[in-house]
Amino acid sequence: MRKVFVIFVLGCLFSGCARKTEAEIFVDDLMGRMTLREKLGQMSQFVPQTGVVTGPEGEPVDLDALIKAGEVGSILNVKTPQEIESLQRLAVDSSRLGIPILFGHDVIHGCNVLFPINLASSCSWDMDAIRKSAELAAAEAAAMGIAWTFSPMCDVSADPRWGRVSEGAGEDPYLGAKIAAAMVEGYQGKDLSDSSSILACVKHFAAYGAPEAGRDYNTVDMSERMFRDRYLPPYKAAIEAGAATVMTSFNDFNAIPASANEWLLKKLLKEELGFEGFVVSDYKAVTELIAHGVAADAKEAAFKALRAHLDMEMVTGTYLNHGEDLVSEGLISEASIDEMCRRILLVKYELGLFDDPFRYGGAQRYAMAINSQAAFEHSRKLARESMVLLKNENDVLPLDSGEKIALIGPFASTPRAMIGSWTAFRDYDRTVTIEEGFNARFPSRVSVVQGCDVFTPVDGGISDAVRAARNADVAVLVLGFHGHLSGEAASVTSVELPQCQKDLLAAVKKVGKPVVVLLTTGRPMALESVIDDIDALLLVWHPGTEGGNAVADLVSGDHSPSGHLTMCFPRCDGQIPIRYNHKNTGRPATGIGLKSFDNISKSFQSCYLLTPNSPLYSFGYGLSYTTFEYNNFEMPKALDKD
Ligand code: NOJ
């Protein structure tokens, strides 16, 4: 194919089309030889039946037949590098034009070696470390044959009921923008044609983090001003950093589902923001236009998505099934199909897939790149930087040397609690649990007791825990939520600790030994009802493959905690949504509405009765093992108003 291309370029140089880039000339030539159906095929992404499941089950497709017919532009969720290679071989050798397939996967917080969940790493506020984690993830993914990750998630959210806060960078648009850009730079590197660079995907466009009542996929209705001010900046920053792809969100946005929303995709994204890459729908989001109530059937869904300039459809195949009819009926012009297909082929060109469809993957490269020492070391470092010390009465932490530790709770020994959601390739055998991390750092000093399950008591659990605490110098409880209780389709109505964990904590506290809580969670939790039972509280999140070691690094004092919250921790569920940068209102609160119901005299302020407006721990909060003193403040000249 390359030879034909060189002859074509020379031809063009002499015939006056020299101003086109090499890529454009190549793609124009290729498209000149493609049928409408083949173009629609490039605009279609499928998932193999044996693939990783990241969405609801759908109609099975004969993937091999589609590939041979040249009707598959991209595949997501293939499980192994060997399968990727053989599907690519089929496309290149057996389809008419041999156009390589783009393989995508959710490499969200690492690939094989997992880093802390994204909300956690945002608490490091360390752009270099975050960029590096994306770079290391890209190197592993590329070695597996994956050329495209569906990350970074740029959805700002102030609602911890929404499970997907775990995948984002918290509630602040400015910080979110910095992190989004750093991740794009990490994944895509300096040049997309570098074989360790993979495509980033800005998602979920747009405002997916503001669903009504924190319920996943729910309606978003907000003013354009609010959207531009608080939700748009991270998407925009990622696009400005050069992200090559964007994914639509599931929600409707001001009454029109994102995947059919011309204002969002065509006007804002492509025209105003000048996005030159391509847009992919989220999983089945095109056929979901029917349930949204804006399309009567699959054909109308395809029409509305194409009309909105949604370039690639994920999974459902309606472009392929109905695109030709829509063009022949004059509803969609072939020119606009060309425009969308061209975007996809240009990205494939930039990646170098036409030069070498097998530039990603390969057994030798796999063996060298997967599970590198550098990735494990970085995972441990970033995990340490992500953890947030929220309370430390009487300097209970770091532990004194020689102290005997009762390690208690449902998450002390489970790898899954270290990992969190999005773990397609994780290797549980390599995941360091807190028990393992403690045993390595505090040999012969740790006794481990489960105490209770996540949501239910276990027989004798509390008495075992109390006994262990009595026999130790300090009780360390690992409490919180499972890794899979956050992420997609994991909204909750309460972010309080489950009752059995509260009971365990209260019983251990009564023993009278210092109580340390290590909180594993993918979302902010409401802890006011238990905070008095806790002497030291270290938020460890889901810290990744090296989690247990990183926790031990901090608990031992080998390193000092340095993370700061990027989402408020509410006092109780009723304060949600809660953010530090809320607006003042015309009646700002100076205190709480009522101290008790015995004395009813209302303040007529914007506040709650009995509960303060402030969170228990605000955005930016985080302690360390030392104290800081600030003095001799000076106002920089630039801010010094006359
Ligand atoms: C649905 C999720 O919303 C999205 O984030 C993910 O990338 C796709 N599924 C593909 O797995």
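Bear in mind that the values here come from a model prediction, so they are computed numbers and not experimental data.

Time to look at the overall build of the protein. What the protein contains, in helices and strands, is 21 helices and 16 strands. Projected onto the principal axes, the alpha-carbon positions of the protein cover approximately 85 × 60 × 55 Å. With 642 residues in all, the protein has 58% of them scored as buried. Sequence-distant contacts, at least 24 apart, represent 79% of the contacts inside the protein between residues at least 6 apart. For the protein, the exposed surface amounts to about 26100 Å²; the carbon and sulfur share of it is 50%.

Attention shifts here to the packing of aromatic side chains. Two descriptors summarise a pair of aromatic rings, namely the distance from one centre to the other and the angle between the planes of the rings. Under the definition given, this model contains 18 aromatic pairs. Plain terms: the ring middles of phenylalanine 455 and phenylalanine 481 are 6.4 Å apart, the flat faces sit at 35° to each other, and that makes the pair tilted. In this pair, phenylalanine 455 sits in the loop between strand E13 (446-449) and helix H19 (461-470) while phenylalanine 481 sits in the loop between strand E14 (474-480) and helix H20 (499-510), placing the two residues 26 residues apart along the sequence. An aromatic cluster is built from Trp162, Tyr208, Tyr217 and Phe250, whose rings are joined through pairwise contacts.

With that out of the way, let us pick up the site of the ligand. Taken together, 13 residues are adjacent to the ligand, and Thr54, Asp106, Arg164, His204 and Asp282 come closest. Residue threonine 54 places a side-chain N or O atom 2.7 Å away from an oxygen atom belonging to the ligand. At 2.6 Å from an oxygen atom of the ligand is found a side-chain nitrogen or oxygen belonging to histidine 204. Coverage of the ligand by the protein chains reaches 100% of its 290 Å² of free accessible surface. When grouped by side-chain class, the residues that make up the shell around the ligand number six nonpolar, two polar and five charged.

Attention now goes to the sheet that holds strand E1 (residues 44-46). With respect to topology, five strands assemble into an open sheet ordered E4-E3-E2-E1-E10, the strand pairing being parallel. Lying at the two open borders of the sheet, with one neighbouring strand each, are strand E4 (148-149) and strand E10 (313-314). Here strand E3 (residues 102-105) runs beside E4; their pairing, made up of two bridges, is parallel. Following the sheet pairing, histidine 105 is matched in E4 by threonine 149.

Here the focus is unusual backbone geometry. Residues lysine 203 and histidine 204 are joined by a peptide bond in cis, for which omega reads -5°. Along the polypeptide, histidine 204 turns up in strand E5 (residues 201-205). Of the consecutive residues isoleucine 576 and proline 577, the connecting peptide bond is found in the cis state with omega at 0°. Its identity as a non-glycine residue notwithstanding, tryptophan 125 has a phi of 55°, on the positive side. Mapped onto the elements, tryptophan 125 comes out in the loop between helix H6 (118-122) and helix H7 (127-144). The backbone of threonine 585 shows a phi angle near 70°, a positive value even though the residue is not glycine. For threonine 585, the position within the fold is in the segment after helix H21 (547-555).

On strand E16 (residues 536-539), burial covers both faces: Ala536 and Leu538 on one face and Leu537 and Leu539 on the other are all buried. Pairing of strand E11 (residues 388-392) with E16, which is carried by four bridges, proceeds in the antiparallel orientation. By the bridge assignment, valine 388 is partnered in E16 with leucine 539. Relative to E16, strand E15 (residues 515-520) is paired through four bridges, and the arrangement is parallel. The partner of leucine 518 across the bridge, within E16, is leucine 538.

Here we take up the sheet that holds E14. With mixed pairing, six strands are arranged side by side in an open sheet as E11-E16-E15-E14-E12-E13. What marks the edges here is a single partner per strand, and that holds for E11 and E13. The sheet shows a mean angle of 20° between the axes of neighbouring strands, taken without regard to direction. Here strand E12 (residues 405-408) runs beside E13; their pairing, made up of four bridges, is parallel. Across the sheet, residue leucine 407 finds its bridge partner in E13, namely valine 448.

To continue, consider the confidence of the model for the protein. For the protein, per-residue confidence averages 94 on the pLDDT scale, and 95% of positions sit at 70 or higher. Low pLDDT, under 50, characterises residues 1-16; the stretch is placed with 18 contacts to residues that sit more than four places away or in other chains.

Looking at the secondary structure, you find threonine 35 in the loop between helix H2 (22-32) and helix H3 (36-42). A relative accessible area of 37% places threonine 35 in the partly exposed class. In sequence terms threonine 35 and threonine 456 are 421 residues apart; their C-alpha atoms lie 60 Å from each other.

Two numbers describe how H7 lies on helix H8 (residues 173-188): the axes approach to 7 Å, and their chain directions differ by 35°. Between H7 and H8 lies a crossing of right-handed hand. Facing Met127, Ile130, Arg131, Ala134, Glu135, Ala137 and Ala138 of H7, the residues of H8 in contact are Leu175, Lys178, Ile179, Ala182, Met183, Glu185, Gly186 and Tyr187. Considered class by class, the residues forming the contact of H7 with H8 number ten nonpolar, one polar and four charged.

Along helix H13 (residues 318-328), the positions that sit buried rather than exposed are Thr318, Tyr319, Leu320, His322, Gly323, Leu326 and Val327. In this fold, the buried residues of H13 make contact with H3, E1, helix H4 (63-68), helix H12 (298-307), E10 and helix H14 (334-351). Of the residues trailing H13, glycine 330 is marked for its positive phi of about 80°.

The next point concerns the packing of helix H9 (residues 224-240) against helix H10 (residues 262-272). With their axes 13 Å apart at the nearest point, H9 and H10 run at an angle of 55° to one another. Taken together, the axes of H9 and H10 are oblique relative to one another. The chirality of how H9 crosses H10 is right-handed. From H9, Glu224, Phe227, Arg228, Leu232 and Ile239 reach across to H10, where they touch Trp263, Leu264, Leu268, Leu269 and Glu272. Partitioned by chemical class, the residues of the contact of H9 with H10 number seven nonpolar, no polar and three charged.

Reading guide: rules and limits
Residues numbered from 1 in each chain as written. Predicted model: local features only at pLDDT ≥ 70, side-chain atom pairs only at ≥ 80, totals over all residues. Heavy atoms only, no water. Helix = DSSP H or I, 4+ residues; strand = E, 2+ residues; numbered from the N terminus. Buried < 20%, exposed > 50% of the residue type's maximum accessible area, 1.4 Å probe, protein only. Contact = heavy atoms within 4.5 Å. Areas by Shrake-Rupley, 256 points an atom, 1.4 Å probe, with all protein chains shown as cover. Phe/Tyr/Trp six-rings, centres within 6.5 Å; stacked < 30°, edge-to-face > 60°. Near = heavy atom within 4 Å. Polar contact = N/O pair within 3.5 Å; in protein donor to acceptor, adjacent residues only side chain to side chain. Nonpolar A, V, L, I, M, F, W, Y, C, P; charged D, E, K, R; others polar. Pairing = 2+ DSSP bridges. Axes fitted to C-alpha atoms, helices over the stretch in contact; angles between N-to-C directions. pLDDT = per-residue confidence, 0-100. Left-handed = near helix turned anticlockwise from the far one by under 90°. Parallel < 35°, antiparallel > 145°, perpendicular 65-115°, else oblique.

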